[in-house]
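# Examination of the molecular architecture
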Amino acid sequence: MCYNCLGSILLAPVDSLHPVPPPATQHSQSSLAPFKVKFWGVRGSIPTPGPQWLTFGGNTACVEIRAGQTCLILDGGTGLRLLGQYLLTTDDRTAHLFFTHAHWDRIQGFPFFEPAFYSRYQLHIYGGTAVNGASMKQCLMTQMVRPNFPIALPRMRAKLQFHDLAPGDQLTLAPPVLDPASTAVDVERVHLDLGGPIQIETGSLNRYDRALGYRITWQGRTIVYATDVQPSPQSDPALVYLARGADLLIYDMAQDPIASVQEAEAPRSSVAFAPHPLHPAPQADDFWQQGLALTHAAGVKQLVLFHHHPFYEDQQLLALEQRLQRLNPRCLFAREGMSLVLSH
């Protein structure tokens with residue numbers, strides 16, 4: 001969606017560009033939608049268009065989780081634009097968008113998230129505090145001011161509610177009340193016919209960029225989203241606790257260990273992933289091996305590696321995935337468009 005298209009949305013009558021789908025019908029417990037995950041963007045740092053990235057995809061981080069009738073979104077990289085286009089075709093009127101931190105590959109899709117420009121949608125937006133003390137709302141607003149972007153965040157017509165989070169926070173989301181005349185979400189209420197509440201717990205992943213991890217539990221099944229982790233020769237006890245007994249762990253694959261050391265020595269400086277004769281590509285082995293170690297230490301059932309470094313093309317990732325699966329066949333690399341369903 002181009003800037004001019006966004007301007008057209010703002011000038012058009014409310015909800016005139018996309019017809020409102022018919023009201024959703026309430027599902028019984030026996031017909032509940034499964035607990036599932038879809039990857040809309042799996043790349044780290046910067047999008048990678050081109051034929052050598054078609055298998056795994058080039059959009060940056062964005063993951064959709066469906067818990068019954070509730071839509072949760074993890075990070076808003078460029079994959080969020082595609083997810084937004086899809087949501088316009090569904091009955092969804094409410095979504096919960098959780099940001100891990102405010103690096104570009106986590107927020108750059110938000111200005112192009114079309115549902116945010118329609119008044120019939122409600123977005124709950126969650127995130128922690130950046131290293132400069134800015135809230136997630138402030139970070140999102142900053143990238144949408146001139147000369148960076150021509151349309152300011154306050155011009156979004158959706159009902160935006162921002163929620164500040166810190167490591168160790170716990171919150172409960174109840175399923176939406178399926179009233180076609182209302183987009184409100186009841187929090188701290190239980191609707192057993194829609195699958196019960198969703199429990200969410202946060203954890204600290206990286207003290208240098210203050211990234212948050214998320215533990216999401218629904219109907220006795222758990223998904224843990226832990227990316228931009230801090231490299232360590234041993235599993236971080238806090239991360240082991242966050243991932244304890246998870247059915248699915250989505251874990252980081254992108255960070256360059258050499259760059260991480262440089263960042264640790266100078267945490268206030270930015271580290272670019274530019275090619276260099278001494279380290280033309282990150283040591284991905286370190287990260288999938290750390291992921292396997294964490295899977296074992298925390299008793300995780302399935303590992304999905306995500307947030308692939310832009311240096312790695314399809315053939316390199318396929319070769320790395322084969323090495324990983326020889327050690328644990330239940331582990332795999334995330335691909336754009338891939339869906340997983342968590343069974344009971």
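The paragraphs below set out a description of the structure included in this document. Because the structure is a prediction, the values reported are computed rather than measured. Throughout, residues of each chain are indexed from 1 in the direction in which the sequence is written. Only residues with pLDDT of at least 70 are given local features in this predicted model, and only at 80 or more are side-chain atom pairs given and counted; all residues enter the totals for whole chains, interfaces and linings. Hydrogens are left out, water is left out, and the side-chain values use all remaining heavy atoms of the structure.

Turning to the overall build of the protein, a few remarks are in order. Numbering of helices and strands runs from the N terminus; a helix is a DSSP stretch of H or I covering at least four residues, while a strand is a stretch of E covering at least two. If you tally the helices and strands in the protein, you get eight helices and 14 strands. Categorising residues by exposure relies on relative accessible area from a 1.4 Å probe, with only protein chains included: less than 20% of the type maximum marks a residue as buried, more than 50% marks it as exposed, and the intermediate range marks it as partly exposed. Looking at the 344 residues of the protein, the share that counts as buried comes to 53%. Should any heavy atoms of two residues lie within 4.5 Å, those residues are counted as being in contact. The long-range fraction of contacts in the protein, counting pairs at least 24 apart against all pairs at least 6 apart in sequence, stands at 73%. Note that accessible areas follow from Shrake-Rupley with a 1.4 Å probe, and for residues the cover is restricted to the protein chains shown. Within the structure as shown, the protein displays about 15100 Å² of accessible surface, and the carbon and sulfur contribution to it stands at 55%.

The strands making up a sheet associate through backbone hydrogen bonding, with each pair oriented either parallel or antiparallel. Between any two strands, at least two bridges found by DSSP are needed for them to pair. Pairing within the open sheet is mixed, and its seven strands lie in the order β6-β5-β4-β3-β2-β1-β14. Edge positions in the sheet fall to β6 (159-164) and β14 (339-342), since each has one partner strand and no second. Averaged over all pairs of adjacent strands, the angle between strand axes in this sheet comes to 20°, irrespective of strand direction. Bridge count between strand β5 (residues 122-127) and β6: six bridges; the pairing is parallel. Within β6, the position partnered with Leu 123 by the bridge is Leu 160. Here an angle of 0 to 180 degrees is reported between the N-to-C directions of two axes, which are lines fitted to C-alpha atoms, with helices fitted over the stretch in contact.

By the element assignment, His 309 lies in the loop between β12 (303-306) and α8 (314-327). Separated by 57 residues in sequence, His 309 and Asp 252 place their C-alpha atoms 9.7 Å apart. Side-chain atoms alone can form a polar contact between residues adjacent in sequence; in general such a contact is a pair of N or O atoms within 3.5 Å, and within protein one must be able to donate a hydrogen while the other accepts it. A distance of 3.1 Å separates a polar side-chain atom of His 309 from the backbone nitrogen of Phe 311.

Turning next to the sheet that holds strand β10 (residues 221-226). Taken in spatial order, the seven strands make up an open sheet running β7-β8-β9-β10-β11-β12-β13, and their pairing is mixed. In this open sheet, the two edge strands, each paired with only one partner strand, are β7 (170-173) and β13 (331-333). With direction set aside, neighbouring strand axes in the sheet form an average angle of 20°. Here β10 pairs with strand β11 (residues 248-252) via four bridges, running parallel. Bridged to Ile 223 within β11 is Leu 248. The sheet strands contacting α8 are β12 and β13, and the helix crosses β13 at an angle near 175°.

Right, let's get into the nonpolar core. Core analysis: the largest hydrophobic core is formed by 32 residues, its most contacted members being Phe 39 and Phe 98. A total of four residues in this core trace back to one element, the largest contributor, which is strand β9 (residues 211-218). Apart from the residues lying within four places of it in its own chain, the contact partners of Phe 98 are Leu 72, Ile 73, Leu 74, Asp 75, Tyr 126, Leu 165, Leu 171, Leu 173, Ile 200 and Tyr 214. Leu 97, Ile 107, Phe 113 and Met 144 belong to the second largest nonpolar core, which has 28 residues in total. For the purposes of this section, nonpolar cores are sets of buried Ala, Val, Leu, Ile, Met, Phe, Trp, Tyr and Cys residues that join through side-chain atoms within 4.5 Å.

This part is about unusual backbone geometry. With omega at 5°, the peptide bond leading from Arg 146 into Pro 147 counts as cis. Examined against the element boundaries, Pro 147 turns out to sit in the loop between α4 (136-142) and β6. With a phi close to 70°, Asp 75 is a non-glycine residue in the positive phi region. Residue position: Asp 75 is located in the loop between β3 (70-74) and α2 (79-87). At Asp 228, a residue that is not glycine, the phi angle is positive and equals roughly 55°. Inspection of the secondary structure assignment puts Asp 228 in the loop between β10 and α5 (237-242).

Every case where a carboxyl oxygen of Asp or Glu lies within 4 Å of a side-chain nitrogen of Lys or Arg is listed as a salt bridge. All chains considered together, the criterion is met by eight salt bridges. A salt bridge links Glu 201 to Arg 244, with the nearest nitrogen and oxygen atoms 3.3 Å apart. Of this pair, Glu 201 sits in strand β8 (residues 198-206) while Arg 244 sits in the loop between α5 and β11; the two residues are 43 residues apart in sequence, bridging distant segments of the chain. For Arg 244, a relative accessible area of 28% puts it in the partly exposed group.

For the rest of this paragraph, the subject is the packing of aromatic side chains. Note on aromatic contacts: the rings of Phe and Tyr and the six-membered ring of Trp form a pair at centre separations within 6.5 Å, being stacked when their planes are under 30 degrees apart, edge-to-face when over 60 apart, and tilted otherwise. Inspection of the entire model under this criterion finds nine aromatic pairs. Consider the rings of Trp 40 and Tyr 86, whose centres lie 5.7 Å apart with planes at 35°: the pair is tilted. With Trp 40 in strand β1 (residues 35-41) and Tyr 86 in helix α2, this residue pair connects regions lying 46 residues apart in the sequence. You can call Trp 40 buried: its relative accessible area is 11%. We classify Tyr 86 as partly exposed; its relative accessible area is 37%. The criterion is that NZ of a Lys, or CZ of an Arg, lies within 6 Å of the ring centre and within 35 degrees of the ring normal, and then a charge sits over that ring. Looking at Arg 93, its charged tip hangs above the ring of Tyr 121, at a distance of 5.5 Å from the centre. The ring of Tyr 118 carries Arg 120 above its face, with NZ or CZ at 5.0 Å from the centroid.

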